[in-house]
Amino acid sequence: MRLTSEHAVMPRSTGCIVQCPLIFRPYLPVLMNSLSELASATKQNDFAYFRELNARLGTLKAANYDVASKCNLRCEGCLFFEGEENEGHEDSRSLAEWDALFAADAARGVTLAYMAGAEPSLVPDRLRAAQKYIPHGIVFTNGTIRLPDDIFYRIHISSWGVDEIGSSLRAGDVLTKAMNNYRDDPRAVCVFTITSLNINQIMIMAELANSHGLPLTFSYFSPTTRYLDKLESKADNDKAYFRISSATQSLALTQADFAHAREEIVRAMLAYPETVQYSLHYDDWVTGDKLYDIDPVTKIAKNCGFRVTKQVHVHVDHQPGKGKCCSSNIDCSNCRAYAMGQSTYLSRIREAVRKPEELAKWIEVREIWASLFLNADQSATARR
């Protein structure tokens with residue numbers, strides 16, 4: 001469903017997405033008992049489309065790789081550096097060892113690679129090694145270093161704001177360079193991380209993405225446990241990843257902030273329907289009061305999509321992640337990061353099929369996820 005002017009004051013209990021003609025995250029096998037439930041609980045046309053959609057997208061098995069341990073920026077509250085999960089892992093593996101790792105993972109069925117860590121664009125040869133064997137992939141980058149054209153994975157460019165706000169959050173004015181690096185690049189997606197400080201810049205970001213020929217989607221700032229601890233203890237600011245935050249000025253969002261952001265997102269979708277790719281159904285869910293079932297002892301989300309689908313997280317030294325997920329520094333109860341959030345939403349297909357009205361929403365989120373996270377024709381040439 002496309003937005004029209006009547007949705008300008010759309011309440012948060014409804015939702016829609018803007019469709020796009022383009023080409024996440026989870027390993028989502030279609031279980032027979034789920035299909036059986038679906039057939040009996042939903043409209044026939046929804047069920048038929050659900051099956052067609054899954055046949056078209058195929059079964060995806062994801063793995064998460066920290067391919068770099070260095071970054072050229074210092075983002076406030078960085079989910080990689082503002083925590084202890086990624087400390088103590090030495091970046092010393094050879095390219096041949098990376099090649100062997102990806103080959104082995106492809107042999108065990110991995111078809112979707114999440115290339116993250118600190119800044120993956122610093123190690124393009126490792127990305128090339130991955131795409132030799134794993135057909136689909138996403139590179140999470142700050143966009144300041146343009147990836148060569150022979151890398152065909154999707155490229156998600158993180159943006160934190162424009163002008164002074166963006167510069168203060170990232171310790172440098174990098175947005176213009178990133179947008180120019182990937183102007184009209186079919187691989188690229190602009191991901192605007194919404195914080196309490198930049199909500200009023202959502203429309204500006206939509207204008208910029210549109211003028212640079214880039215699709216735009218949204219993520220919500222998700223604080224790490226260390227970041228929250230510093231706020232609570234009223235820690236002094238430093239010169240790294242806690243430069244501007246304080247007990248009275250946090251990047252974390254309140255429910256009032258979510259409502260304000262929703263209004264701005266709808267305005268952007270109305271103004272740039274071919275640019276903004278975002279599901280308001282998903283937004284309803286991800287901005288809710290309680291997303292996860294939190295273990296009272298460990299404080300870990302028991303029903304996180306990463307944990308439910310048993311994904312693999314590999315550190316830069318090729319040691320398996322021993323933390324709770326692929327971004328273990330994030331506080332589970334406040335995790336609204338877009339890749340993790342959409343993974344969890346899509347992993348809850350059983351809940352969706354129990355309520356027929358929820359299936360259409362799930363299908364919309366699945367479609368928009370595919371348009372953002374799956375690369376198209378080039379992946380068919382990956383050497384297996």
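Bear in mind the structure is a predicted one, so any value in this text is a computation, not a measurement. (Residues numbered from 1 in each chain as written. Predicted model: local features only at pLDDT ≥ 70, side-chain atom pairs only at ≥ 80, totals over all residues. Heavy atoms only, no water.)

Caption draft 1: Representation of the sheet that holds strand S5 (residues 188–194) within the structure. An order of S6-S5-S4-S3-S2-S1-S7 is seen for the 7 strands of this open sheet, with the pairing classed as parallel. Among the strands making up the open sheet, the edge pair consists of strand S6 (216–220) and strand S7 (312–314). Sheet twist, expressed as the mean angle between neighbouring strand axes with direction ignored, is 25°. Pairing analysis gives 4 bridges linking strand S3 (residues 136–141) to strand S4 (residues 154–159), with the strands arranged parallel. Across the sheet, the residue bridging to Thr-141 is Ile-157, located in S4. Helix-sheet contacts for helix H14 (residues 356–373) involve strand S2 (112–117), S3, S4, S5 and S6, and the interaxial angle to S4 is about 95°. (Pairing = 2+ DSSP bridges. Helix = DSSP H or I, 4+ residues; strand = E, 2+ residues; numbered from the N terminus. Axes fitted to C-alpha atoms, helices over the stretch in contact; angles between N-to-C directions. Contact = heavy atoms within 4.5 Å.)

Caption draft 2: Structural view of helix H8 (residues 225–233). Every buried residue belonging to H8 is among Tyr-227, Lys-230 and Leu-231, and all of these are buried. On an axial view of H8, the arc spanned by its buried residues comes to 100°, and they lie on one face. Of the exposed residues in H8, those oriented more than 90 degrees away from the buried face are Glu-232 and Ser-233. Downstream of H8 by one or two residues, Lys-234 has phi in the positive range, about 55°. (Buried < 20%, exposed > 50% of the residue type's maximum accessible area, 1.4 Å probe, protein only. Arc of directions from axis to C-beta.)

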